[in-house]
Amino acid sequence: GVIDARAPERYRGEVEPVDGVPGHIPTAVNRPSGGNLGPDGLFLPPEALRDRFEALTAVGDVVSYCGSGVTACHNALAMRIAELPDPLVYAGSYSDWTRAGRPVATGSEPGPA
């Protein structure tokens, strides 16, 4: 599965402060990196993090991305804390994807491949 770590409004394509094309990589699900933290600012317990990501591992490798690669690493760390398989991190992330002219999806659904 593909995970977008950006804020929901960026994922949906409502706001895009960095890249010229709003939206998300088709098939990606939104798991904002802030959802990995509790009110104390610390990572949630492993069980809670597992609940956020485990279903995505059922279909094979997981790729985490964000705008430029930083918060994608936050989701990757959360998956490690949850003792799930190590995800791949798309270092170029959405910025690289859109600069290459690749297709994008908008809205709250992942969209077709």
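Conventions and cut-offs
- Residues numbered from 1 in each chain as written.
- Predicted model: local features only at pLDDT ≥ 70, side-chain atom pairs only at ≥ 80, totals over all residues.
- Heavy atoms only, no water.
- Salt bridge = Lys/Arg side-chain N within 4 Å of Asp/Glu carboxyl O.
- Buried < 20%, exposed > 50% of the residue type's maximum accessible area, 1.4 Å probe, protein only.
- Core = buried A, V, L, I, M, F, W, Y, C linked by side-chain atoms within 4.5 Å.
- Helix = DSSP H or I, 4+ residues; strand = E, 2+ residues; numbered from the N terminus.
- Contact = heavy atoms within 4.5 Å.

Peer 1: Sorry if this is basic, but what is going on with the pattern of salt bridges here?
Peer 2: Pairing is possible between side chains that carry opposite charge, provided their charged atoms lie close to one another. According to the stated counting rule, one finds five salt bridges in the structure shown. Here Arg6 and Asp4 are joined by a salt bridge, their closest N and O atoms 2.8 Å apart. Of the two residues, Arg6 and Asp4, both sit in the buried class. Between Arg10 and Glu16 there is a salt bridge, with its nearest N and O atoms 2.8 Å apart. Since its relative accessible area comes to 15%, Arg10 is described here as buried. For Glu16, a relative accessible area of 17% corresponds to the buried category. Among the ionic contacts, a cluster of salt bridges with common partners joins Asp4, Arg6, Arg10 and Glu16.

Peer 1: Mind showing me how you'd approach the nonpolar core here?
Peer 2: Ranked by size, the top nonpolar core spans ten residues in total: Ile3, Val29, Leu49, Phe53, Leu56, Val62, Ala78, Met79, Ala82 and Leu84. Elements represented by at least two residues in this core include exactly helix 2 (46-57) and helix 3 (70-81). If one sorts the elements of this core by residue count, helix 2 sits on top with three residues. In contact with Val62, not counting residues within four places along its chain, are Gly1, Ile3, Leu56, Thr57, Met79, Pro87 and Leu88. Grouped together as the second largest cluster of nonpolar side chains are six residues, Ile25, Ala28, Tyr65 and Trp97 included.

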